[in-house]
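# Remarks on the overall topology
Below, each chain spelled out in residue letters.
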Amino acid sequence: MTFSIRQRRVLPILLAFMALWILPVQTVVAQSPDTVTEDTSMPLAQRAQARLEKNKALLAEITQQTESQRTDDTKLVDIKGRADDLAGNSAATVAQLRARLDEINARVTSLGEPPKEGQPPEASVVTDERTKLNAEKSQINAVLGDAENLAANASRLSNNITSLRRALFAATLFKRTEISLPVLAEAGKAFGGEIAALSSSVTGWAIFVWNYKRLSMFGAVSLSIVAALLFMVGGYRLLGHRMERRAFSGEPSYLRRLSVAFWSTTVQSMSVFLFMTASAFLLDNFGVLRSDIAPIFFVSIYIVAFVYFVSRLTYAIFSPTQPEWRLLNVSTRGAHIISSAMLVMALVNGLDYLFSTISETLNSPLILTVAKSFVASIIIGIILFSLSFVKPLASNEGDADGRDRRMPRWLSVLLRIAGAVLIGACLTGYVGLARFLATQIVSTGAVIATMYIGILSGRAVAKQGVFAETLVGRYLGRRFGLGPVPLDQAGLAAGLGIYCAALAFGVPLVLFSWGFQPGDIESWAYRLLTGFSIGKTSISLISIITGILVFVTGYVITRWFQKWLDRNVMARGQVDAGVRNSVGTGIGYLGIVVAAIFGISSAGLDLSSLALVASALSVGIGFGLQNIVSNFVSGLILLVERPFKVGDWVVTGAVEGTVKRLSVRATEIETFRGQSIIVPNSEFINSSVGNWTHRNRIQRAEIPVSVAYETDPQKVMDILLELVKKQPPVLRNPEPHVEFLRFGDFSLDFELRFHLADLNHGLTVKNSLRMEILKRFREEGINIPMPQRNLNIHMEGETNPQVLAALLAEEGEKAVASHTAAAAARSQEAPKPAEDEAASKPAEDEGSRSSVRNRRG
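Below you will find a few notes about this structure.

Reading the values: the criteria
- Residues numbered from 1 in each chain as written.
- Predicted model: local features only at pLDDT ≥ 70, side-chain atom pairs only at ≥ 80, totals over all residues.
- Heavy atoms only, no water.
- Helix = DSSP H or I, 4+ residues; strand = E, 2+ residues; numbered from the N terminus.
- Expected span 1.5 Å × (residues − 1).
- Buried < 20%, exposed > 50% of the residue type's maximum accessible area, 1.4 Å probe, protein only.
- Pairing = 2+ DSSP bridges.
- Axes fitted to C-alpha atoms, helices over the stretch in contact; angles between N-to-C directions.
- Contact = heavy atoms within 4.5 Å.
- Core = buried A, V, L, I, M, F, W, Y, C linked by side-chain atoms within 4.5 Å.
- Phe/Tyr/Trp six-rings, centres within 6.5 Å; stacked < 30°, edge-to-face > 60°.
- Lys NZ or Arg CZ within 6 Å of the ring centre and 35° of its normal.
- Patch = residues over 30% accessible without salt bridge, like charges linked within 9 Å, V, L, I, M, F, W, Y side chains within 5 Å.
- Areas by Shrake-Rupley, 256 points an atom, 1.4 Å probe, with all protein chains shown as cover.
- Salt bridge = Lys/Arg side-chain N within 4 Å of Asp/Glu carboxyl O.
- Lys, Arg positive; Asp, Glu negative; His and termini not counted.
- Charge placed at Lys NZ, Arg CZ, Asp CG, Glu CD.
- 1 Å grid on protein atoms, 1.4 Å probe; cavity = no way out; pocket = protein on both sides within 12 Å on 5 of 7 lines; lining within 4 Å.
- Points joined across faces, edges and corners; volume = space filled by probe spheres on them.
- Nonpolar A, V, L, I, M, F, W, Y, C, P; charged D, E, K, R; others polar.
- Parallel < 35°, antiparallel > 145°, perpendicular 65-115°, else oblique.
- Left-handed = near helix turned anticlockwise from the far one by under 90°.

Let us look at helix α10 (residues 366–387). The end-to-end C-alpha distance of α10 is 32 Å, a good match for the 32 Å that 22 residues give at a rise of 1.5 Å each. Of all 22 residues in α10, 16 are buried, a share of seventy percent or more.

On the basis of which strands lie adjacent, the open sheet formed by three strands has the order β8-β10-β9 and antiparallel pairing. Edge positions in the sheet fall to β8 (699–707) and β9 (737–743), since each of these pairs with one other strand and no more. The mean inter-strand angle of the sheet, taken between neighbouring strand axes irrespective of direction, is 25°. Across six bridges, the pairing between β9 and strand β10 (residues 748–756) is antiparallel. Bridge pairing in β10 links E739 to E751. Sheet contacts for helix α20 (residues 713–725): β8, β9 and β10; angle to β10, the most-contacted strand, approximately 20°. Running over the sheet, helix α21 (residues 762–780) touches β8 and β10 and is turned about 25° from β8.

In this structure, I380 and L422 are the most contacted members of the largest nonpolar core, which totals 41 residues. Breaking this core down by element, the ones donating at least two residues are α5 (181–212), α8 (294–318), α9 (332–361), α10, α11 (409–427) and α12 (431–462). Examining the composition of this core, we find that 11 residues originate from one element, α10, more than from any other. Ignoring sequence-local partners within four residues, the contact set of L422 consists of S377, I380, G381, L384, A434, L437, A438 and I441. Counting 27 residues, the second-largest nonpolar core is a separate cluster that includes L86, L111, V143 and A147.

Another point: the packing of aromatic side chains. Under the criterion given, the structure shown has nine aromatic pairs. Centre to centre, the rings of W560 and W564 are 6.4 Å apart; their planes meet at 20°, and the pair counts as stacked. Here the residue W560 and the residue W564 both occupy positions in helix α16 (residues 541–570), the gap between them amounting to four residues, near one helical turn. According to the relative accessible area criterion, W560 is exposed, its value standing at 54%. Look at W564 and you get partly exposed, because its relative accessible area is 36%. Every member of this aromatic cluster is reached through a ring pair, and the members are W560, F561 and W564. A cation over a ring is seen here: R214 above W210, with NZ or CZ 4.1 Å from the ring centre. Here R435 stacks its cationic end above the ring of Y353, 4.5 Å away from the centre of that ring.

This brings us to the sheet that holds strand β3 (residues 649–652). Spatially, β6-β5-β4-β3-β7 is the arrangement adopted by the five strands of the open sheet, whose pairing is antiparallel. Each edge of the open sheet is held by one strand with a lone partner, namely β6 (676–680) and β7 (690–691).

Moving on to a nonpolar patch on the surface. Together, I544, I548, F551, V552, Y555 and V556 give the surface a local cluster of nonpolar side chains, amounting to about 490 Å² of exposed area. Mapping Y555 onto the fold places it in helix α16.

Once that is clear, we can look at a positive patch on the surface. Judged by side-chain charge, R333, K391, R403 and R406 come together as a positively charged surface patch. By secondary structure assignment, the location of R333 is in helix α9. Among the residues examined, R333 registers a relative accessible area of 52% and is labelled exposed.

With that settled, consider unusual backbone geometry. In this structure, the amide linkage connecting N733 to the following residue, P734, adopts the cis form with an omega of 5°. Mapped onto the elements, P734 comes out in the loop between α20 and β9. Not every positive phi belongs to a glycine, and S319 is a case in point at roughly 45°. By the element assignment, S319 lies in the loop between α8 and α9.

Let's shift gears to the layout of surface pockets. By volume, the second largest pocket is sized at about 1,200 Å³. What lines the second largest pocket is a set of 36 residues, among which M342, L411, L415, G445 and I448 lie closest to the centre. Looking at the lining of the second largest pocket, the elements that each hand over two or more residues are α8, α9, α10, α11 and α12. By residue number, the principal contributor to the lining of the second largest pocket is α12, which donates 10 residues. Looking at the lining of the second largest pocket residue by residue, the class counts come to 32 nonpolar, four polar and no charged.

Moving on: the pairing of β3. Taken together, the four bridges between β3 and strand β4 (residues 655–662) define a ladder with antiparallel strand orientation. Bridge pairing in β4 places T652 opposite V655. Where β3 folds back on β4, the antiparallel hairpin that results is connected by two residues, among which G653 adopts a positive phi of roughly 60°. Direction of pairing for β3 relative to β7: antiparallel, over a ladder of two bridges. Following the sheet pairing, V650 is matched in β7 by N691.

Between α10 and α11, the shortest axis-to-axis distance is 7 Å and the interhelical angle comes to 155°. Comparing their axes, α11 and α10 come out roughly antiparallel. Judged by the twist between their axes, the crossing of α10 over α11 is left-handed. On the side of α10, the interface is formed by F374, S377, I378, I380, G381, I382, L384, F385 and L387, while α11 contributes L415, R416, A418, G419, A420, L422, I423, C426 and L427. A class-by-class count of the residues in the contact of α10 with α11 yields 14 nonpolar, three polar and one charged.

Before going further, it helps to examine empty space enclosed by the protein. In this structure the tally under the stated criterion is two cavities of 30 Å³ or more. Space inside the second largest cavity adds up to approximately 40 Å³. Taken together, A48, R51, L52, N55, S90, T93, A147 and L150 make up the full set of residues lining the second largest cavity. Put simply, the parts of the chain that give the lining of the second largest cavity at least two residues each are α2 (44–68), α3 (73–111) and α4 (124–173). Broken down by element, the lining of the second largest cavity gets its largest block of residues, four residues, from α2. Its residues assigned to classes, the lining of the second largest cavity shows four nonpolar, three polar and one charged.

Counting through the fold element by element, I378 comes out in helix α10. We classify I378 as buried; its relative accessible area is 16%. With 46 residues separating them along the chain, I378 and G424 place their C-alpha atoms 8.9 Å apart. Those residues within four positions of I378 in sequence are excluded, and the remaining contacts are I423 and C426.

A few words on α9. The first and last C-alpha atoms of α9 sit 43 Å apart over 30 residues, in line with the 44 Å expected at 1.5 Å per residue. Downstream of α9 by one or two residues, N363 has phi in the positive range, about 55°.

See the structure below:
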């Protein structure tokens, strides 16, 4: 029976999903295309002709194999792979010939037309080259047509093989068998004979082993047990604290539950799988198994391993006896029912394959195999239909009755449909379809459950702050000194990695269970890794990964070189901090650009194709990106010309402060109040910029001083010079001096001028000098006059002294209030480091003058 043979070949693949927990991704080996050793000295047309002849013979061979193996799906997969390789090689030959043909046409066009009659003859070199090119063009045209036909025929053959496989699969599934009571009765009689034949075969094999292969049997089983025990003991020694529920006390976290479920299922299932696989391998190689027992034994050990894995998986997910370790929100009763149902379905499906193998090995009647599959599919259908009525979900804490809840409606409907389809297919005679669907429900369900645990693990690890508490997170934190933020980002990356791993393992296994052959998966993976075309663009996953790695490597090297140059070259040379910043920024951008170019080239992208991107970018610049480009170019100009650098004190527009960072788009300025202002670079290019520290940090400071008219001016100048020379930060060259500025309205105005080596000391020095000046003036009896102004009040009629007194009092209160408000406003203003003394001098408002006049009055 074609269906049973194909399914038995798929069975080991279905059971291999136990390796999903621990085995690495299988390396995809590219199918080696049939190549011809070519002489590169030969012309391209001759080499293509030789290659074409070999490919024609290969196409005829593949066509013959397709006709002879049209009923064997496994062989058709391999044949299709060879046809695809042949089509690809032929298409590459066509592309190579067309490229050479384009070169020849371009060269002939550049040589021009041959001279006509009556025209001067052209050089013989040109004539010979044109003749040679035309001859090669004729040869290429002759070969090109055959190459295109060969590529089309190979592609057509590949499509025909796909159609054959599809038809074979459909014929196998939808083959109808008559199901009736007489047929089932006949199968029951045949089943009795099969049991007798199986008993006879097993008894004969046991006698054979006991008499002739006793030591071999004992040695094979012993070695298998030792291998399984070593794996299990090593797993417990290494991961015992991660897989034993008894090792944890209290309420386990969800991540801990996932970890215990993962490692316990992995170690125990792989131990059983290793024991079974080693036993089969050793017994077969030691000659213990006979040809009539070997198929039955192999399927039996796979069934045992499969059922054990399902039991461990359901126990890890539902945990019927330990609710605190349960991964899903189901009740204890629901956990028992669902886990038992899944285990029974796995057991029934496995026994179906085992009984089918026994029937095929013992050459039992076909109707017996159909009857076994009929019974197994009916049982699985009834189980699925019954599960749809179960209430497995645990009640919410707020529910008053505390009863279990039904499963989601869509899931119950899906289970009923699946059960009804299986039972209906069996009763209508489509036993093959029912058996296939039952197998997919069991095997695909196990794979999806495994993927679900992987996805849950990735989601739990990716949660904020969780990765830092894991074993790996704590190790990374200790080893590399990572803080919470880097560890949280690493947790996000780890979660994504777990997602990808679960999908990379689960998706191929699901495809296997649905009838796809390993060759199909290998072919798809090979095309994905080595390249596939979307339109006229060829995309290769390996090239993309290589390009990313090249860019990351270039970026890391650039950052390392920046730090090395700054710390070991410019720092030792005592280079200015601004120069170091500019050089480091320039090297960083240059390195990133170079790394990006190399990365794009390594990814297989043609840099000339970026002309479209440049065109689109130019349009974008015209519509709204001109400011960004303007700032970028301005930043490059600032980095090269260096009108200011990091640490300079600059003034542009209403912004004044210290330059903290200079990039190609904007400059960060920190004001003296600690506020960071990001200024676009174009403002520094298009407007005036003041730089207090462009060449040096020397600054001239001024302190205005006013004294009464009766004071000796020379004495005031001598006192000021004496006091300023006592200040250490004040430079002696240029020498400090005092200017007699003017005769003021009520005072003599002087200004003390001096230079400081560092403008950052200006506020401190001027504050100290003001204190000393005030102190010395008081000792010398020098008065600092207050502003004076006359107030004339004109009143018509007779002057009432009481009214006059009231007006003066009211005017005085207004003046005092105005003066107080002005003083409060001035006290809230923070002085700037090198502000002009005249500007910082308290402004005298009219209210304060009135107040003074009133007090004097």
